[in-house]
Each structure stands twice: as C-alpha cells, then as structure tokens.
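# Remarks on the overall topology
One letter stands for each residue in the lines below.
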Amino acid sequence: MESELHMLLRSLRVWDPAVTELAPFDPATAPAEPLALFSAWFAEVVAAGQREPHTMSLATVDEEGRPDVRIVMLHGADPDGWAFATHATSRKGRQLAARPYAALTFYWPVRGRQVRLRGPVTAAASEEGQADLHARSTGALAAALTGRQSEVLGSVEELARASEAAWEHAQRDPDAPVPSWTLYRLRPDEVEFFQGDEHRRHIRLSYRREGGGWLKELLWP
C-alpha cells in the first residue's frame, strides 16, 4: 500500500503551466562569460515574479569529506565571485576554513531554470564584511549579534532572551561590530545554466575556466 507521502508526491506537477513559463534559450547566443548571463537571467526571473530569487543552496564539506548543504542569501556577484556571509565560527564557516571550496545552486521554477557553480572560496577583509552587514536591515544585525550559530541551544526561551537583547543592541547601535561575521566569495571554476524544456530536451550550458577565459560546452540533460 502506498504511503500518504508517496500519494502526495505522485499528485504534484513539475513546472505547472499555471505558475511556470518555460523560456526559450538558445545557447549559441550566450555571452562569453557566465556573470553576464547570470545577471540577465536573474533580472528576468525577478521581472517574472520569482519569490526570493536571491536565495541559493550552499554546499560545503567537513574535514572528513562529509557534505552539508543549506540555503543562504546571495549578497552580490561580480568578477571577484558570488558573495554570501556567515559567522566564521558557524559550522559552514569552520568547514570553509578547513576546506575552502564550495558549490552553489539557484533554482528559479517560474522559468524552469537552475544555475550551478563551484569553486574556491575566500574570505573578504573584515572591514568589507562589517560594511556589508551594516548595510543590511536591523533584523540582520540583530541576528548576527545573537551569535552562537550552530551551537547547541538549551531552550527556545534562551533564544528569545538572547534575541531580544540583540535587537535592543542593534537598535541602540546600528554600527555595532560583529567580529565573527564574515563575507565570503566563491570564485567559480565551473558554472552551469540549466533551462527546462516541456519535452524534456533540457538545455545545459557549462562554462569552465580555461587559461585566462571560459570554455563553453553543452551537456546532455
């Protein structure tokens, strides 16, 4: 007998036409480097109403090679890399210190698109990380001031007390430093753009660093 979960899974559609418009994509027209295509696709999905398009999966590994993945927010993308931030003392911060290489994935179902990147990760200067934090919301600063990310929590009441104190601190001092807060940049060696197709003839365009430029290749779906 099928479980309720399996029955629910079978009832779901992928790329429901009510919410998804699969956009045409001719890889022959793609620019010579991936940042330009990423910027164009990002603008298109924002215009199409994609919710939280700046969220992405970040995959890291620990010292023993065991993987972790979680959702983080994109803080920027430029020739230096795709940026995100976290505490250097968090689990992902410790993993990046031990193995400074990671992968990112964006999924934008409103157009049936994915973008995947992987490459080395470096930490920006402390001043840049603090400036990035203080350019964000009071809530972001309060969360950073709460700290102790990934540590064992005794109770939700303990979290509430620490968070309330952090909010008061952030409102009182909007430039309060958070020494452990770190801005990271992933400089990709590889970037893949995936465009879904209703006939399952998905387009996968890969960019791979070669010499001082990028090699473009199509991949089988």
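Residues numbered from 1 in each chain as written. Predicted model: local features only at pLDDT ≥ 70, side-chain atom pairs only at ≥ 80, totals over all residues. Heavy atoms only, no water.

### Points about the pattern of salt bridges
As a reminder, the rule being used: Any Lys or Arg side-chain nitrogen found within 4 Å of a carboxyl oxygen on Asp or Glu counts as a salt bridge. For the purposes of this entry, the term helix denotes a DSSP run of H or I that reaches at least four residues, the term strand denotes a run of E that reaches at least two, and both are numbered from the N terminus.
Summed over the entire model, instances satisfying the criterion amount to twelve salt bridges. We note a salt bridge from arginine 113 to glutamate 44, for which the minimum N-O separation is 2.8 Å. One end of the pair, arginine 113, is in strand β6 (residues 113-123); the other, glutamate 44, is in helix α2 (residues 34-47), with 69 residues separating them in the sequence. Aspartate 62 is the partner of arginine 66 in a salt bridge, and the nearest nitrogen-oxygen pair spans 2.9 Å. Among the ionic contacts, a cluster of salt bridges with common partners joins Asp62, Glu64 and Arg66.

### Observations concerning the packing of helix α5 (residues 138-146) against helix α6 (residues 156-172)
As a reminder of what qualifies: For every element, the axis is a line fit to its C-alpha atoms; helices are fit only across the contacting stretch, and the angle between N-to-C directions ranges from 0 to 180 degrees. Angle categories are assigned with fixed cut-offs, so that under 35 degrees is roughly parallel, over 145 is roughly antiparallel, 65 to 115 is roughly perpendicular, and the rest are oblique. If you view the pair so one helix is near and one far, a crossing is left-handed when the near helix is turned anticlockwise from the far one by less than a right angle, and right-handed when it is turned clockwise. In what follows, a contact means two residues having at least one pair of non-hydrogen atoms within 4.5 Å.
It is at 8 Å that the axes of α5 and α6 come closest, and there the two elements cross at 125°. Here α5 is positioned oblique relative to α6, judged by the angle of their axes. Of the two elements, α5 crosses α6, and the hand of that crossing is right-handed. Residues Thr138, Gly139, Leu141, Ala142, Leu145 and Thr146 of α5 form the contact with α6, whose participating residues are Leu159, Ala162, Ser163, Ala166, Trp167, His169, Ala170 and Gln171.

### What about the side chain of glutamine 95?
Put simply, the rule is: Definition of a polar contact: a pair of N or O atoms within 3.5 Å, with one able to donate and the other able to accept a hydrogen when the atoms are protein atoms, and with sequence-neighbouring residues admitted only if both atoms are side-chain atoms.
Relative to the helices and strands, glutamine 95 is located in helix α3 (residues 91-98). Among the polar contacts listed, one links the side chain of glutamine 95 to the side chain of aspartate 68, at a separation of 2.8 Å. Non-local contacts of glutamine 95, meaning those with residues more than four positions away in its chain, are made with Thr60, Val61, Asp62, Asp68 and Arg70.

### Some points on unusual backbone geometry
Under the convention used in this document: Think of it in three bands: with a 1.4 Å probe and only protein chains considered, a residue is buried below 20% of the maximum accessible area for its type, exposed above 50%, and partly exposed in between.
Its identity as a non-glycine residue notwithstanding, glutamate 52 has a phi of 45°, on the positive side. On the secondary structure map, glutamate 52 appears in the loop between α2 and β1 (55-61). A positive phi is found at arginine 148, a non-glycine position, where the angle reads about 60°. Tracing the sequence through the fold places arginine 148 in the loop between α5 and α6. By relative accessible area, which is 52% here, arginine 148 ends up exposed.

### Observations regarding the environment of proline 27
Counting through the fold element by element, proline 27 comes out in the loop between α1 (4-11) and α2. Taking the C-alpha atoms as reference, proline 27 lies 15 Å from serine 39; in sequence the two are twelve residues apart. Among residues more than four places away in sequence, those in contact with proline 27 are Ile203, Leu205, Lys216 and Leu218.

By themselves, these observations are geometric and do not establish any function.
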